[in-house]
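Architecture and fold: a report
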Amino acid sequence: MEILPCPVSATFPAFARGLKEEMVAGTCEVALARRLETELRAAKSAQLSCGEVLLPANLLPRIASQVLSLAEVEPCGLRGCTLYIDFAASDADVRRIAEIKCDNNTVSTFELTLTLKQDPRSSSWHNILPQFLKNLTKGGTIMISHEFDITKKKLYRSYLE
């Protein structure tokens, strides 16, 4: 595989370089968090068979930040990532609910498996709701825990290994 140089070069003043990189990283983080939200919305009725999925307030930005930090050291960065999203209702019940190919034009160089866990307090929380509120959400409500696991699998070997 041959790597061609980019014909466009841009120079930024030294004081603005850190700011620009921070802005780009923040934009990527927001875009990835939105993509995760879109995939979870699609999986809500298709794979999870529920009416509502409740997420902690900062869960998606935290996941996006961690995904970006894991992609930083990869040859193609985030473009070479395939992200699998699994949902664990319990330790024995884990199912794949979504798959995100970050760039369809780039060969995957690594895979990340994100495992979202059901909040263990969700069953007790659901029991205290009045019946009419339970009926408002068809198929029930799933509460996602603030804890998650991300595992990384490299799909290449470097010369240093």
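Residues numbered from 1 in each chain as written. Predicted model: local features only at pLDDT ≥ 70, side-chain atom pairs only at ≥ 80, totals over all residues. Heavy atoms only, no water.

1. What about the pattern of salt bridges?
The following threshold applies: We count a salt bridge whenever a side-chain nitrogen from Lys or Arg sits within 4 Å of a carboxyl oxygen from Asp or Glu. Secondary structure elements are taken from DSSP: a helix is a run of H or I of four residues or more, a strand is a run of E of two residues or more, and numbering for both begins at the N terminus. Burial classes: relative accessible area under 20% of the type maximum marks a residue as buried, over 50% as exposed, and values in between as partly exposed (1.4 Å probe, protein chains only).
Under the criterion given, the structure shown has five salt bridges. Across the salt bridge formed by Arg 35 and Glu 39, the nearest N and O atoms sit 3.5 Å from each other. Here Glu 39 and Arg 35 lie together in helix α1 (residues 14-46), a separation of four residues that amounts to about one turn. The class of Glu 39 is buried, set by a relative accessible area of 18%. Among the salt bridges present, the one from Glu 37 reaches Arg 41, with a minimum N-O distance of 2.7 Å. Of this pair, Glu 37 and Arg 41 both sit in helix α1, four residues apart, roughly one helical turn. Given a relative accessible area of 55%, Arg 41 falls into the exposed group.

2. Focus: helix α2 (residues 59-71)
The cut-off we apply is this: A helix is expected to span 1.5 Å for every residue after the first. The directions from the helix axis to the C-beta atoms are what the arc is built from.
Over its 13 residues, α2 extends 18 Å from the first C-alpha to the last, a length consistent with the 18 Å expected when each residue adds 1.5 Å. Within α2, the full set of buried residues consists of Leu 59, Leu 60, Ile 63, Ala 64, Val 67, Leu 68 and Ala 71. The buried residues of α2 occupy an angular sector of 160° when the element is viewed end-on, so they sit on one face.

3. Some details on the packing of aromatic side chains
Condition: Ring pairs are drawn from Phe, Tyr and Trp, using the six-membered ring of Trp, whenever the two centres fall within 6.5 Å, and their geometry is named by plane angle: stacked under 30 degrees, edge-to-face over 60, tilted for the rest. Sitting over a ring, as applied to charges here, requires NZ of Lys or CZ of Arg to be within 6 Å of the ring centre and within 35 degrees of the ring normal.
Taken as a whole, this structure holds zero aromatic pairs when the rule is applied. Over the ring of Phe 110 we find Lys 152; its NZ or CZ atom is 5.3 Å from the centre of that ring.

4. Considering the state of the cysteines
The line we're drawing: Cysteine sulfur atoms are paired as a disulfide whenever they fall within 2.5 Å.
This structure, assessed with the given rule, holds zero disulfides. As a non-bridged cysteine, Cys 81 has Cys 102 as the owner of its nearest cysteine sulfur, 4.1 Å distant.

5. Notes on the confidence of the model for the protein chain
Worth spelling out the cut-off: A score between 0 and 100, pLDDT records how confident the predictor is in each residue. Whether two residues are in contact is decided by their heavy atoms, any of which lying within 4.5 Å being enough.
Looking at the protein chain as a whole, its pLDDT mean stands at 79, while 72% of the residues score no less than 70. Ranking the elements of the protein chain by mean pLDDT puts helix α4 (residues 131-136) last, at 51, and strand β2 (residues 81-88) first, at 96. Note on residues 1-20: pLDDT is under 50 here. Beyond four places in sequence and across chains, it has two contacts.

6. Some points on the side chain of Thr 109
Within the element layout of this structure, Thr 109 appears in the loop between β3 (94-101) and β4 (110-118). In contact with Thr 109, other than residues within four places in its own chain, are Glu 74, Pro 75, Cys 76, Gly 80, Lys 154, Leu 155 and Tyr 156.

7. Regarding the nonpolar core
Put simply, the rule is: Definition used in this section: a nonpolar core is a set of buried Ala, Val, Leu, Ile, Met, Phe, Trp, Tyr and Cys residues joined via side-chain atoms within 4.5 Å.
Of all hydrophobic cores here, the largest spans 29 residues; its most connected members are Leu 36, Ile 63, Leu 83, Ile 85, Ile 97, Leu 114 and Leu 116. For this core, the elements supplying multiple residues, two or more each, are α1, α2, β2, β3, β4 and β5 (141-154). Top contributing element to this core by residue count: α2, with seven residues. Setting aside chain neighbours within four positions, we find Ile 85 in contact with Leu 36, Glu 39, Arg 95, Arg 96, Ile 97, Ala 98, Ile 100, Leu 114 and Leu 116.

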